[in-house]
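Structural characterization, general
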Amino acid sequence: MAGIKALISLSFGGAIGLMFLMLGCALPQYNQYWPLFVLFFYILSPIPYCIARRLVDDTDATSNACKELAIFLTTGIVVSAFGLPIVFARAELIFWGACALVLTGNTVIFATILGFFLVFGSNDDFSWQQW
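Within any chain, residue numbers begin from 1 and follow the written order of that chain's sequence. Per-residue local features are limited, in this predicted model, to residues with pLDDT of at least 70; the limit for side-chain atom pairs, both in listing and counting, is 80 or more; totals at the level of whole chains, interfaces and linings are taken over all residues. Calculated side-chain values reflect all of the structure's heavy atoms, with hydrogen atoms and water omitted.

Some points on the overall build of the protein
Stated formally: A helix here means a DSSP run of H or I that spans at least four residues, while a strand means a run of E at least two residues long, and both kinds are numbered starting from the N terminus. Using a 1.4 Å probe on the protein chains alone, a residue whose accessible area is under 20% of its type maximum counts as buried, one over 50% counts as exposed, and one in between counts as partly exposed.
Counting its regular elements, the protein contains five helices and zero strands. Each helix and strand of the protein, ordered N terminal to C terminal, gives the series α-α-α-α-α. Out of the 131 residues in the protein, the part that is buried amounts to 32%.

Put into C-alpha cells, the structure is as follows:
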C-alpha cells in the first residue's frame, strides 16, 4: 500500500510542476510558449542513469566510471533545463515572471523525478524495472 501512496504523491508532484510550466506559458500577460522547450530536458534527464543502471553490476561497492558519467550527463541536462528559461528571459523572449514560474516548475518536476528513482530504484519486489 505504501507504493501506491508514493505513486499517487509523485503523480501529484508532476502535475503541480507541469501546472507551473503551463502558467509560465499561457497566462495572458506572458503568452509566449518558448519555455515548453524544457519538456525535452524532462524527457532526457532520466535516460543516462537508466542506461547506466542496466549496464553496471550493482554488487561492486566501488565507484564505476559508467555510473559517474551518467550522473555527470544527468547533471548537465538538469543545469541546462534551469539555464534555458534564464537565457530566454535575458534575451527578452519571455518575461521574468514567466521565467520564475518555469524555474519553480523545474524544481518540482526534477524533485519528482528524483523521488521516483529513490522510491522505485531499489531492487526489491516493487521497483521501476518491472515496468
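Quick look at helix α3 (residues 47-55)
Formally: Arc definition: it is the arc formed by the directions from the helix axis to the C-beta atoms. The criterion used for residue contact is that any of the two residues' heavy atoms lie within 4.5 Å.
For α3, every residue scored as buried is listed here: P48, A52 and R53. The buried residues of α3 occupy an angular sector of 135 degrees when projected down its axis, which confines them to one face. Turning to α3, the residues buried within the fold contact α2 (38-44) and α4 (65-90).

Details of the environment of Y42
Within the secondary structure, Y42 is located in helix α2. According to the relative accessible area criterion, Y42 is buried, its value standing at 9%. Taking the C-alpha atoms as reference points, Y42 and A81, 39 residues apart in sequence, are found 7.9 Å from one another. The residues contacting Y42, other than those within four sequence positions of it, are L18, L21, G105, N106, I109, F110 and I113.

Looking at the environment of I16
Among the structural elements, I16 can be located in helix α1 (residues 2-26). Residues I16 and I109, 93 residues apart in the sequence, show an inter-C-alpha distance of 8.1 Å.

Here we look at the UniProt feature "transmembrane region" (unreviewed entry) in the protein
Using the following cut-off: UniProt positions are given in the numbering used here, feature names are shortened, and annotations may be inferred rather than shown by experiment.
As recorded in UniProt, the feature "transmembrane region" (unreviewed entry) lies at residues 7-30, 36-56, 68-88 and 94-120. Its end C-alpha atoms 33 Å apart, residues 7-30 is made of 83% helix and 0% strand. Taken end to end, residues 68-88 is 100% helix and 0% strand, and its first and last C-alpha atoms sit 30 Å apart.

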